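Okay, here's what each chain looks like letter by letter:
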Amino acid sequence: MEENTTFDLLTGLALLTPLASFLLCLIISERYSWLVTITAPVLLLTSASISIYLFFTIPANTSYLIQLAWFHVGQYTFNGNVELNRLSILMMPLIAVISFLVHLYSVGYMAGDNGIRRYFAMLGFFTFSMLGIVLSDNLLMIFVFWELVGFTSYMLIGHWLEKPAAAKAAQKAFLFNRIGDAGFLVGLMIVWANTQNFDLSNLLHLPEIYSWQTAASLCIFCGVIGKSAQLPLFTWLPDAMEGPTPVSALIHAATMVAAGVFLLARVFPLFTPEALHTVAITGILTALVASLCALNQFDIKKILAYSTISQLGLMVTAVGVGSENAAMLQLVTHAFFKACLFLGAGSIIHSLHFAQQQACLSGRQVHEDFDVQDIRNLGGLRKKLPVTFFTFLIAGASLAGIPLFSGFISKDSIITGVWYWSSNTFSWRWLILISVFAVSLITVLYTFRMVWFIFFAKESRSNLSIVEAPWIMRIPLIVLALASVWFLVSLNPFSASGWFTTGVGDLQHSNLVTLLSSGVVLLALLATWFMYATENKFINSITFLQNSFGLDLLYEKVFGQSVIKLAAVAETTDRKWIDGFLHFTAYTQVSFAHVIAWFDTYVIDGSVNAMAWISGVVGSLTRSFQGGKIQLYIFWALVGLIIFLFFVLI
Amino acid sequence: MFPAEHILYLSALLFSVGLMIIIIKQNAIMVLLGIELLLNAANLNLVTFNQLQAQSFTGQMFTLFVIVVAVSEAAVGLAIVLRVYKHYQTSVLSEINELKE
């Protein structure tokens, strides 16, 4: 019992320290903004250490609930319960550690930035919201944190808001997330309407499968599509690369986009087989499309973004085929190696920018204002940036799924899952299996292409004096690279069964699949070696694929323009008909009011005035008999006399 | 000798003119003048009706008496008008209305 209260306390502390960091960033004044670079990483370190401690102390496969009543509406009680189960215990250290490393990295990367307080505040707030999603037991709470995560993502993508592209990308990300979240909200309503309950601890143990579950789970999946950048709504993620690179690492590679996959795994028991089929198909299509796009990009961050989408697609597929544990494993390994890749890319960008600035300052009139993110402009960096090179290589190998790296094990477990799901008899499920193999092949291709052109290809910028980024940026790289090697996941580099996987849950294993997938990867490596390393001409790309299958153009054409047209029509209707009707009504009213006013002035007021006038006239008439005028008296007396005589005499 | 009706017509005219002057004229002196006309119309009547009894002179005597009274009355009236004029700086009747209130 006493142990439980310490757990409560520690969980609360781990959740609230990032929030404290956020609040501190708000409180500290602009003059002392350098303080932020100390407080934020320290607080995040606290959170990370607590999370790791919890991860190791709480026994696996236990879940426990911290009861918190949130509010009451009528007879219903909403609980803000916090649940510590194997998923949340796994996700907590993942988020906190990567967030801490990104904080550390940002201290170097963002040094001298004007909005550094806002930046660290939002990073802290993001970590808090993400931990909130992971820990909440209530779907409504998850939705609230989900929205907060979307908001912080918006703020951080648009961090350099003076750049129009960044502002536009932030808007786009927010809009696309909203579309998905609308679906999520509808899903919540369906769940509420049928169960009057949002507590996952109850929802996940329904006695039987109801028909509404398909609709509800598909609607929740809509939210996942938005947040995890799945097929119809994935184009926001490449654009989100306008944000600072550490943000891309933390949010748009490691954690936020993984929130969707986490949610899928969290509410997995709610999904019906039909819904799962949709999930699997969406996932595999996304993975295929995005990996093809990644193969045709030139911008490092764009390549990484598309590769993220493709990996997320694989995770979603894994959930769809029912091996959500494999998805979670892939989520964890992907978080580490993709964060490492992004931070490595950031390090390259940082170093080259620095070199460009130095060249500019030294006054050498060389054309060094090239785009440092374009891999065609890079090359031969392996000698100049050794730490970045090695960490990037390790993480890249992990991404490509080369044996002995963590990515291999997780990808292997996904393929195994699909393998068992597709069964022995031929069906459409085999298509998905083949696609998964194809995706892992293409992954090798684009990873190799990227690494080759950044680090190996002929050096094109030899006259720049490029130096490695500061140590505070190298340490996170090294830590993340170490976490991308196989021993993080399991002691056996070919089979996912180790201390770590107890947190993930049971996984299937098949030696045949392991052999097959390593064969595919090695084959792909050989192929790419001959494609890229021997000659450089394969670097050209297909524009159609570079622009993500023209989806953006399609959205622009179909939705953008139709919305604009609709808006124009609505505007005309509004101005002509609604306003016209209003104006007509107003005009009628005013005219009627004029009539009433006329009636009031001339008839009602007139009659009153007439009465007054008559009484006035009568009054002055009667008064005039006694006006003090002596001659008038005589006159009236005479008149009276004449009348008298008239009657008397005649 | 004029026939009696002609003189009575004249007297009636004179009386009417006097009455008109009294009512219409603004100035107090003119009003006094109108009063003289009334008296003279009455005098004419007295003289005319005296013709019915040619042997008596009552009418003429009465007329003479009226003339004397009229003179004294005019003297008193003019004196009052003079005082009024001194007091009010006007002899217009409609402006002398202090008694009204």
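Just above, that's the structure.
Fair warning: this is a prediction, and the values are worked out from it, not measured in the lab.

Cut-off values and rules
Starting afresh in each chain, residues are numbered from 1 along the sequence in its written order. Labels follow written order: the first chain is A, the first ligand is 1, and so on. Predicted model: local features are reported for residues with pLDDT of at least 70 only, side-chain atom pairs are reported and counted for 80 or more only, and whole-chain, interface and lining totals are derived from all residues. The basis for every side-chain value is the complete set of non-hydrogen atoms in the structure, without hydrogens or water. Secondary structure elements follow DSSP: runs of H or I of four or more residues count as helices, runs of E of two or more count as strands, with numbering from the N terminus. Burial classification: accessible surface area is computed with a 1.4 Å probe over protein chains only, and a residue below 20% of its type maximum counts as buried, one above 50% as exposed, and the rest as partly exposed. Note on contacts: a residue pair qualifies if any of its non-hydrogen atoms lie within 4.5 Å across the two residues. Residue burial considers only the protein chains on display, and all accessible areas are found by Shrake-Rupley using a 1.4 Å probe. The working definition used for a salt bridge is a side-chain nitrogen of Lys or Arg within 4 Å of a carboxyl oxygen of Asp or Glu. Two parts placed together each lose some accessible area under a 1.4 Å probe, and the buried area is that loss summed for both. Any N or O atom pair separated by 3.5 Å or less is treated as a polar contact, with the protein-specific requirement of one donor-capable and one acceptor-capable atom, and with residues adjacent in sequence counted only for side-chain atom pairs. Charged means Asp, Glu, Lys or Arg here, nonpolar means Ala, Val, Leu, Ile, Met, Phe, Trp, Tyr, Cys or Pro, and polar covers whatever is left, Gly included. If DSSP finds at least two bridges between two strands, the strands pair. For this analysis, a ring pair means two rings from Phe, Tyr or Trp (six-membered ring only for Trp) whose centres lie within 6.5 Å, classed as stacked if their planes differ by under 30 degrees, edge-to-face if by over 60, and tilted for the remaining angles. Placement of a charge over a ring requires the Lys NZ or Arg CZ to be within 6 Å of the ring centre, with the centre-to-atom vector within 35 degrees of the ring normal.

Before going further, it helps to spend a moment on the overall build of chain B. Counting its secondary structure elements, chain B contains 3 helices and 0 strands. Listed by position from the N terminus, the elements making up chain B come as α-α-α. Its C-alpha atoms give chain B principal-axis dimensions of roughly 55 × 25 × 20 Å. Here chain B, with 101 residues, has 25% of them falling under the buried criterion. Long-range contacts, defined here as pairs at least 24 residues apart, represent 53% of the contacts in chain B between residues at least 6 apart. By element, 73% of the accessible surface of chain B is carried by carbon and sulfur atoms, the whole surface being about 7,100 Å².

Below, the discussion takes up the pattern of salt bridges. One pass over the full model with this rule turns up 6 salt bridges over all chains. Here the residues in one salt-bridge network are A:Glu147, A:Arg178 and A:Asp181, joined through shared partners.

This part is about the interface of chain A and chain B. Listed as interface residues are 9 residues of chain A and, on the opposing side, 11 residues of chain B. Taking both partners together, chain A and chain B bury about 740 Å²; carbon and sulfur atoms supply 71% of that area. Where chain A meets chain B, there are 0 salt bridges. Inspection of the region where chain A meets chain B yields 3 residue pairs in polar contact (both at pLDDT 80 or more). Here the residues of the side of chain A that touches chain B sort into 4 nonpolar, 4 polar and 1 charged.

Turning to the pairing of strand S2 (residues 69-73) of chain A, a few remarks are in order. Residue and element names in this part refer to chain A. With 4 bridges joining them, S2 and strand S3 (residues 76-79) adopt antiparallel strand pairing. When the sheet's bridge partners are listed, Phe-71 is paired in S3 with Phe-78. Remark: 2 residues form the turn of the hairpin made by S2 and S3, two consecutive strands paired antiparallel; Gly-74 in that turn has positive phi of roughly 60°.

For any pair of aromatic rings, geometry is given as the distance between the ring centres together with the angle between the planes. Residue and element names in this part refer to chain A. What the rule picks out here adds up to 15 aromatic pairs over all chains. Look at Trp-146 and Phe-184: their rings are 5.2 Å apart centre to centre, the planes differ by 80°, and that puts the pair in the edge-to-face class. With Trp-146 in helix H5 (residues 139-157) and Phe-184 in helix H6 (residues 164-195), this pair connects stretches of sequence that are 38 residues apart. Sitting above the plane of the Phe-174 ring, Arg-178 keeps its charged end 5.9 Å from the centroid.

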